[in-house]
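# Fold and geometry: a report
Spelled out from the first residue to the last, the chains are:
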Amino acid sequence: KGRCFRMSYTLLVNKSHPLTSSYVPPCLAEAHIPFDTSAHDEKTLMEKTAAKAAAKLFHQAASDNITLMGVSGYRSYKRQESLYRNALARSSSAVAPPGTSEHQTGLALDISCASLNFELEEAFAYTKEGKWLKTNAPLYGFILRYPRRKEHITQYPWEPWHIRFVGKTLSLYLSLTGLTLEEYHQMLSNPR
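Just so you know, these numbers come straight off a predicted model, no measurement behind them. (Residues numbered from 1 in each chain as written. Predicted model: local features only at pLDDT ≥ 70, side-chain atom pairs only at ≥ 80, totals over all residues. Heavy atoms only, no water.)

Formed by 28 residues in total, the largest nonpolar core has its most connected members in M46, L68, L109, I111, L133, F142 and I163. Broken down by secondary-structure element, the contributors of at least two residues to this core are helix 1 (48-63), strand 4 (108-112), helix 3 (128-136) and strand 6 (159-165). Among the elements that line this core, the one with the most residues is helix 1, at seven residues. For I111, the contacting residues outside a window of four places in its chain are F58, L68, M69, V71, L120, F124, L133, W161 and I163. V166, L170, L174 and Y184 belong to the second-largest nonpolar core, a separate cluster that totals seven residues. (Core = buried A, V, L, I, M, F, W, Y, C linked by side-chain atoms within 4.5 Å. Buried < 20%, exposed > 50% of the residue type's maximum accessible area, 1.4 Å probe, protein only. Helix = DSSP H or I, 4+ residues; strand = E, 2+ residues; numbered from the N terminus. Contact = heavy atoms within 4.5 Å.)

Taken together, the side chains of K48, K52, K56 and K168 present a region of like positive charge at the surface. Looking at which element gives the most residues to the positive patch, the answer is helix 1, with three residues. Mapped onto the secondary structure, K56 falls in helix 1. Judged by relative accessible area, K56 falls into the exposed class, the value being 57%. (Patch = residues over 30% accessible without salt bridge, like charges linked within 9 Å, V, L, I, M, F, W, Y side chains within 5 Å. Areas by Shrake-Rupley, 256 points an atom, 1.4 Å probe, with all protein chains shown as cover. Salt bridge = Lys/Arg side-chain N within 4 Å of Asp/Glu carboxyl O. Lys, Arg positive; Asp, Glu negative; His and termini not counted. Charge placed at Lys NZ, Arg CZ, Asp CG, Glu CD.)

The α-helix winds at 3.6 residues per turn, so residues separated by three or four positions along the chain end up facing the same way. The end-to-end C-alpha distance of helix 2 (residues 77-89) is 18 Å, a good match for the 18 Å that 13 residues give at a rise of 1.5 Å each. Positioned one or two residues after helix 2, S91 has a phi angle of 60°, which is positive. (Expected span 1.5 Å × (residues − 1).)

Turning to helix 5 (residues 168-177), its buried residues are L170, S171 and L174. In a view along the axis of helix 5, the buried residues occupy a sector of 100°, so they form one face of it. Exposed side chains of helix 5 directed beyond 90 degrees from the buried face belong to T169 and L176. In this fold, the buried residues of helix 5 make contact with strand 5 (142-146) and helix 6 (181-189). (Arc of directions from axis to C-beta.)

Taking burial as the measure, the five residues of strand 4 include five buried ones, the bulk of the element. Residues of strand 4 alternate between two faces, with A108, D110 and S112 on one and L109 and I111 on the opposite face, all of them buried. The sheet contact formed by strand 3 (residues 69-72) and strand 4 spans three bridges and is antiparallel. Paired with M69 across the strands is S112, a residue of strand 4. Two strands pair when backbone bridges link them, and strand 4 and strand 6 are joined in this way by three bridges, in the antiparallel orientation. Opposite A108, over in strand 6, you have R164 as the bridge partner. (Pairing = 2+ DSSP bridges.)

Structure (structure tokens):
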């Protein structure tokens with residue numbers, strides 16, 4: 001096994017801060033959570049620390065009689081490029097351009113539930129699973145990355161299913177203040 005180098009969990013990835021086509025997270029590992037895909041699919045991978053946090057989150061959900069399903073973890077630049085091309089062919093703008101997806105960091109995870117047939121829909125926010133996730137994700141180091149009414153800041157539509165690992169201290173801070181990762185980075189670059 002190669003050595004893993006710690007990455008910055010506060011890394012900002014968006015349309016203004018893209019990753020290179022060659023970027024691969026330093027430590028990808030299988031996330032030991034249920035996924036709506038075959039085993040050994042790249043979507044079941046996450047950055048090692050994020051994968052462990054996701055397993056704890058899912059374990060707590062199961063203890064609370066909440067059944068979550070992972071839909072997509074890591075996504076390579078090449079895979080994002082393919083998804084983006086397909087979306088353009090369908091005249092859809094719902095897919096991030098390659099290099100601008102947080103999935104390429106291995107820190108993001110899309111989650112759904114059986115009542116939605118494991119689809120990624122805004123209705124997830126109103127399910128018992130979606131409500132549980134919103135309340136509990138910050139306790140395990142995750143934020144809901146694209147909140148409602150913050151689209152003008154994140155440049156992405158509301159995605160109640162998309163969580164992002166930032167570490168427990170920051171996740172709790174962002175959850176309590178209602179700040180997005182973009183606003184947090186803006187605050188760091190413009191201290192009062």
